[in-house]
Amino acid sequence: MSESVKDSDQGDDGETRRDFLTLATVALGAAGAAAAVWPLVDSMNPAADTLALSSIEVDLKPIETGQRITVKWRGKPVFIDHRTQAQIKRARADDGAKLRDPEVDKARVKKAEWLVLVGVCTHLGCVPLGQKTGQPRGEFDGWFCPCHGSHYDASGRIRKGPAPKNLTVPTYTFLTDTMLRIG
Amino acid sequence: MTSSSPRPPSSQGPIVRWIDERLPIFTFMEHELNDYPTPKNLNYWWNFGSLAGIVLVIMIATGIFLAMNYTAHVDMAFGSVERIMRDVNYGWLIRYVHMNGASMFFLVVYIHMFRGLYYGSYKGPRELLWWLGLIVLILMMATAFMGYVLPWGQMSFWGATVITNLFSAIPLVGDPIVTWLWGGFAVDNPTLQRFFSLHYLLPFVIVGVVVLHLVALHTHGSNNPLGIDRKSEKDSIPFHPYYTIKDMFGLGVFLIFFMGFVFFAPNFFGEPDNYIPANPLQTPAEIVPEWYLLPFYAILRSVPDIAIPGTSIVFMEAKLAGVIAMFGALLVPAALPWLDFSKVRSAQFRPIYKQLFWIFLADCILLGWVGAQKPEGMTLFLGRAATAYYFAHLLILMPLVAKFEKTRPLPESISDPVLKNEGGE
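About the cut-offs
- Residues numbered from 1 in each chain as written.
- Chains lettered and ligands numbered in written order.
- Predicted model: local features only at pLDDT ≥ 70, side-chain atom pairs only at ≥ 80, totals over all residues.
- Heavy atoms only, no water.
- Pairing = 2+ DSSP bridges.
- Helix = DSSP H or I, 4+ residues; strand = E, 2+ residues; numbered from the N terminus.
- Axes fitted to C-alpha atoms, helices over the stretch in contact; angles between N-to-C directions.
- Buried < 20%, exposed > 50% of the residue type's maximum accessible area, 1.4 Å probe, protein only.
- Arc of directions from axis to C-beta.
- Contact = heavy atoms within 4.5 Å.
- 1 Å grid on protein atoms, 1.4 Å probe; cavity = no way out; pocket = protein on both sides within 12 Å on 5 of 7 lines; lining within 4 Å.
- Points joined across faces, edges and corners; volume = space filled by probe spheres on them.
- Nonpolar A, V, L, I, M, F, W, Y, C, P; charged D, E, K, R; others polar.

Enquirer: Is there a simple way to think about the sheet that holds strand β6 (residues 150–153) of chain A in this case?
Expert: Strand pairing in a sheet relies on backbone hydrogen bonds, with the paired strands running either antiparallel or parallel. Residue and element names in this part refer to chain A. A sheet is described by the order of its strands in space; here three strands give the open sequence β5-β6-β7, paired in antiparallel fashion. The sheet is open, and its two borders are formed by β5 (141–145) and β7 (158–160), each paired with just one other strand. When strand polarity is set aside, the average angle formed by the axes of neighbouring strands in this sheet is 35 degrees. The pairing of β6 with β7 spans two bridges and is classified as antiparallel. Residue pairing for β7: histidine 151 is matched across the bridge by lysine 160.

Enquirer: Would you mind going over helix α4 (residues 85–93) of chain A with me for this structure?
Expert: Given 3.6 residues per turn, any residue in an α-helix points the same way as the ones three and four places further on. Residues and elements named next belong to chain A. Looking only at α4, the buried set comprises Gln87, Ile88 and Ala91. The buried residues of α4 occupy an angular sector of 100 degrees when projected down its axis, which confines them to one face. Looking at α4, the residues exposed on the side facing more than 90 degrees away from the buried face are Gln85, Ala86, Lys89 and Ala93. Those residues of α4 hidden inside the fold are in contact with β2 (68–73), β3 (76–82) and β5.

Enquirer: Is there a simple way to explain empty space enclosed by the protein in this structure?
Expert: Any empty space left between atoms is shown by rolling a water-sized probe over those atoms. Residue and element names in this part refer to chain B. Scanning all chains against the criterion turns up six cavities of 30 Å³ or more. Of the voids in this model, the largest cavity is the one considered here, and its volume is about 820 Å³. In terms of lining, the largest cavity is formed by 40 residues, of which the most central are Met59, His98, Gly147, Tyr148 and His199. Counting only elements with at least two residues in the lining of the largest cavity, the list comes to α3 (48–67), α4 (77–86), α5 (91–118), α6 (127–149) and α9 (189–220). Here the lining of the largest cavity gets eight residues from one element, more than from any other, and that element is α5. Of the residues that constitute the lining of the largest cavity, the class distribution is 27 nonpolar, ten polar and three charged. For the second largest cavity, the calculated volume is near 140 Å³. Along the wall of the second largest cavity there are 14 residues; nearest its centre are Phe145, Gly159, Ile163, Pro289 and Glu290. Put simply, the parts of the chain that give the lining of the second largest cavity at least two residues each are α6 and α7 (154–165). Counting residues per element, the lining of the second largest cavity draws most heavily on α7, which supplies four residues.

Take it as geometry only, folks, not as evidence of what the structure does.
Pasting the structure below:
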């Protein structure tokens, strides 16, 4: 009853209602500023039309056994390798080898003769060689990245050089036996 | 800004006085140029600060005119640069000045920084001056990198791919960050457009930081070759006309050098591959950054997997360790004012540090050479050794030298050696 206004304003530890109000105001202001900045930051993420272009269809009919073709998907090269029986055998034989990023060949393909890979070296993003006849395929009959010397095997797994991971397998589905959708 | 109180300009007409009363720009100029006391013993290494400022203005001026003819679109960028070179009146000149100006800017700034290292200009009370300079350097690197992407040649595209991929080394959030930087799933049109936007913005941010750099500089004034503070009026001369004329002379010499490249070897610093339009499906045989980034590129590539000794347990993959080392190489110098706590600034009076300075300079040049080679065999070993030395110099040798070095006696004042006729060379 005898408390003055000032006393009631002040907690035991010397903090006042004013401190609380200041803190609350600053916190709300900061949250508001963050909310205002977010649209700007998010505008730099892939736009709707960029995302809409994120799947392509490839006709596999003209690709002969042993042939490799490159298609462009999301601005990156995708390697489609119509593997020979010998290549499949070699890839499977290497399942037990010492691998930096262990993965069996079976887990990297949907149909053994079709190997589909994002053709981007997992080191710093160069395009490995080996798609065209005459290009070096590295020591494991797969791909060779000329930038910093990474060797990939017939399953696209990293075997030698600085790259930390296997060549990525993109999401894909076989629409028919000879029609592939990537993305 | 501490030495004398502001006073109105010495030659003042009624118009000048009318303006100055309302907006004291004349008082300001008088104070910062005519009154501004400068050590009277500055040598030519002190020219490079103002040279850097002038190159910045040249870069902004040429850049504005290039932007009037440049098209930031993957289908048109390369062609628009070729149009500048062939069809736009004097376009070739403006572009070659801008292109070579980037190299000149880094050359001048690196000399400016090594001058600061030699004469201990980073020491108190100029620590923040040093920091602001480092911030300018980092902004310059970002600006130069993005500018190099704009012509959309092979080296533009693949340089952008490699450098943006560095961020994928960050654990967990690496890949989303890279996608965010690209605005897509690869370096593509959104990337080019945002790089153009930022390449136009960042130079003005640099101007802002340079203004702060100058405010910090004018607070305590320039350091000098002796590294001792000014003690009396006798130690100083006004900036204008003494150093304005000296800076102008230095500018003349520098412009002969600069224009020598522009007119006689305009592609000396460039890569021929960048005159091939960007092809996202084919990587050039070798990706080499511009010369001014080579030492940092060498550090990036030199760091191996960091494993627990005696085991094959990799504690940190080479890619992430390299990225950390590269950014560390830019950030560790910020701690230099405290790592090197010797009270003596100038290497003239620091016999051991003086030698370490030259070894450090040689180490940086070696790193630059290594950065241009393939990282194999001997070069890889040299790169690792030079990287280790770079950090050892800053983190280990500097504190040790500061603690144990026996420095030579300092002169009483700046004018003392001259009056006693000892300071002549």
